[in-house]
Amino acid sequence: MKSEVFQMHPKNATQIQLNLTSDLRKWRAFLAIAELGSLTHAAIFLGTSQSHLSRHLNSLERDCKTRLFNRTGRGLTLSDVGLRIFPIVKDLLSDAEQLETEIHGDALEPAGLVTLGLLPSIASAIALRLFERVRERYPAIQLKVQEGSSGQVEELLTGTRVDIGILYRYSDLPLEGEQALARIDSYLVGPPGDRLTSATAIPFSSLHGLPFILPSAPNGLRAALDRLSRLNHISLNAVIEADSLPLMRAGVADSGLYTVLPIHAVWSQIQENRLQAVKIISPEVKRIVSMVLSRKKGPARAVSAVAKEITKIIEDQRREGMWDQIGDGD
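Here's a quick rundown of the structure. By convention here, each chain's residues receive numbers from 1 onward along its written sequence. Under the rules for a predicted model, residues below a pLDDT of 70 receive no local features and side-chain atom pairs below 80 are neither given nor counted, while totals for whole chains, interfaces and linings still include all residues. Just so you know, side-chain values use all the structure's heavy atoms and leave hydrogens and water out.

## As for the overall build of the protein chain
- The way it works is that DSSP assigns letters per residue, a run of H or I at least four long becomes a helix, a run of E at least two long becomes a strand, and they are numbered from the N terminus. Counting secondary structure elements, the protein chain contains ten helices and 13 strands.
- Taken across its 330 residues, the protein chain has 43% of its residues classed as buried.
- Contacts were defined at the residue level, with two residues in contact if any of their heavy atoms lie within 4.5 Å. Here the contacts in the protein chain between residues at least 6 apart in sequence split such that 76% fall between residues at least 24 apart.
- Note on areas: Shrake-Rupley, 1.4 Å probe, and residue coverage restricted to the protein chains presented here. In the structure as shown, the protein chain presents an accessible area of about 18600 Å², 51% of it carried by carbon and sulfur atoms. Each residue gets one of three labels from its accessible area relative to the maximum for its type: buried under 20%, exposed over 50%, partly exposed in between, using a 1.4 Å probe on protein chains only.

Structure (structure tokens):
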């Protein structure tokens, strides 16, 4: 009988060589040395000896057949090759951490670093309360906050540098895959005792000629205000352009200027009678507070836990009057 040997090659089998990635401890050492710039500091950080770490590095460079660091009198700096692979290695270790979390997720409480990309006005409203709730309920989760404009937060999300982004959308509905947390109005903000901002509401046309401190373009709010100004044939007099929320609030309180902000951005200042604000109508300047989760980062369970806490905080603050209600049609 004739015998035949069949070699089966599954159609969709993924062929991956793991010669360099099979020992992630070496790459963890590479990352620590690259970030700390010193074998001594990296050894202390990793809880190992300098000689053990040096052997890891020498073995890794032999595997790669190239130098990954330049040795100098001040420590170690990444070589050209090291610089190129550094972000790849960082993503590799992040993915490995996420894999481990997913595998053991049911047995472990949510844990790990969760990075948030927040607008300054959002950060001032929720960040401290979020830190307190996460510390109480999920002690194994660490939070990191990066502030920026909506455009900068979107860049951070695209570059996988944040896990959760919260930004404004100047539209009736959030984009696909995003969660609308609140719909907010815009307010004319003035100093205490100001006549204009002591009213119950003010038409958009009343902003004509007022001395403003406003964010500089490109900025979502500035673009919306400029567009409405053209449609309503008025002129906004931006005597100062500033992208700093504390500077905008100070410019109003101390210099007699005006600005346009959502009520949550000046909530505590209004409660303390340091500023006052009036809702802008005819037309209203509305925006959606939208939460976006990065699809490329983790750890997933920790991100999900933090996102739920953010939603709860917004709901609590909505009952306090800080946010507008998201209706059934939103």
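Back to the text.
## Description of the sheet that holds strand β11 (residues 259-261)
- Strands are treated as partners if at least two bridges between them are detected by DSSP. The sheet built from four strands is open, its strands ordered β8-β12-β7-β11 with mixed pairing. With one partner strand each, in any of the chains shown, β8 (201-203) and β11 form the two edges of the open sheet. Pairwise comparison of adjacent strand axes, ignoring direction, gives a mean angle of 40° for this sheet.
- As judged from the four bridges shared by strand β7 (residues 187-190) and strand β12 (residues 276-281), these two strands associate in the antiparallel manner. Every angle, taken between N-to-C directions, lies between 0 and 180 degrees, and every axis is a line fitted to C-alpha atoms, over only the stretch in contact when it is a helix.

## Examining the nonpolar core
- Membership of the largest hydrophobic core comes to 37 residues, with the highest contact counts inside it found for I164, I166, V306, I310 and W323.
- Broken down by secondary-structure element, the contributors of at least two residues to this core are β3 (112-118), α5 (120-137), β4 (141-147), α6 (150-158), β5 (164-169), β6 (179-184), β13 (287-293) and α10 (300-320).
- Tallying contributions element by element places α10 first for this core, with eight residues.
- Ignoring sequence-local partners within four residues, the contact set of I164 consists of V114, T115, L116, G117, L157, M291, V292, L293, V303, V306, A307 and I310.
- Joining through side-chain atoms within 4.5 Å is the link that ties buried Ala, Val, Leu, Ile, Met, Phe, Trp, Tyr and Cys residues into a set, and such a set is a nonpolar core. Formed by 19 residues, the second largest nonpolar core is a distinct cluster that contains A32, L39, L53 and L57.

## Things to note about helix α7 (residues 220-231)
- One fewer than the residue count of a helix, multiplied by 1.5 Å, yields its expected span. If you check α7, its first and last C-alpha atoms are 17 Å apart, about what twelve residues at 1.5 Å a residue would give, namely 16 Å.
- Elements in contact with the buried residues of α7: β9 (211-214), β10 (237-241), β11 and β13.
- Residue N219 occupies the N-cap position of α7, its side-chain oxygen lying 3.0 Å from the main-chain nitrogen of L221.
- Just downstream of α7 lies H233, where phi reads positive at about 55°. Throughout this description, a polar contact denotes any pair of N or O atoms lying within 3.5 Å of each other; where both atoms belong to protein, one of them has to be capable of donating a hydrogen while the other can accept it, and for residues adjacent in sequence the pair is counted only when both atoms sit in side chains.

## Brief notes about the packing of aromatic side chains
- The aromatic pairing rule takes the rings of Phe, Tyr and Trp, using the six-membered ring of Trp, and pairs them if the centres are within 6.5 Å, calling planes under 30 degrees apart stacked, those over 60 edge-to-face and the rest tilted. This model, assessed by the stated rule, comprises three aromatic pairs.
- Judged by centre distance (5.6 Å) and plane angle (80°), the ring pair of W27 and F30 falls under edge-to-face. Of the two residues, W27 and F30 both sit in helix α1 (residues 24-36), three residues apart, roughly one turn of that helix. With respect to burial, W27 and F30 carry one shared label: buried.
- Ring plane angle 55° and centroid distance 5.4 Å describe the contact between F30 and F69, whose orientation is recorded as tilted. Here F30, found in helix α1, pairs with F69, found in strand β1 (residues 69-72); they are 39 residues apart in sequence, far enough to count as distant. With respect to burial, F30 and F69 carry one shared label: buried.
- These aromatic residues form a ring-pair network of at least three members: W27, F30 and F69.

## Description of the sheet that holds β5
- One open sheet accounts for five strands, arranged β4-β3-β5-β13-β6; its pairing is mixed. What marks the edges here is a single partner per strand, and that holds for β4 and β6. Each neighbouring strand pair of the sheet contributes to a mean axis angle of 20°, computed without reference to strand direction.
- In the packing of α5 onto the sheet, the strands contacted are β3, β4, β5 and β13, and the crossing angle to β4 comes to about 170°.
- Sitting on the sheet, α10 touches β3, β4, β5, β6 and β13, and the angle it makes with β6 is about 25°.

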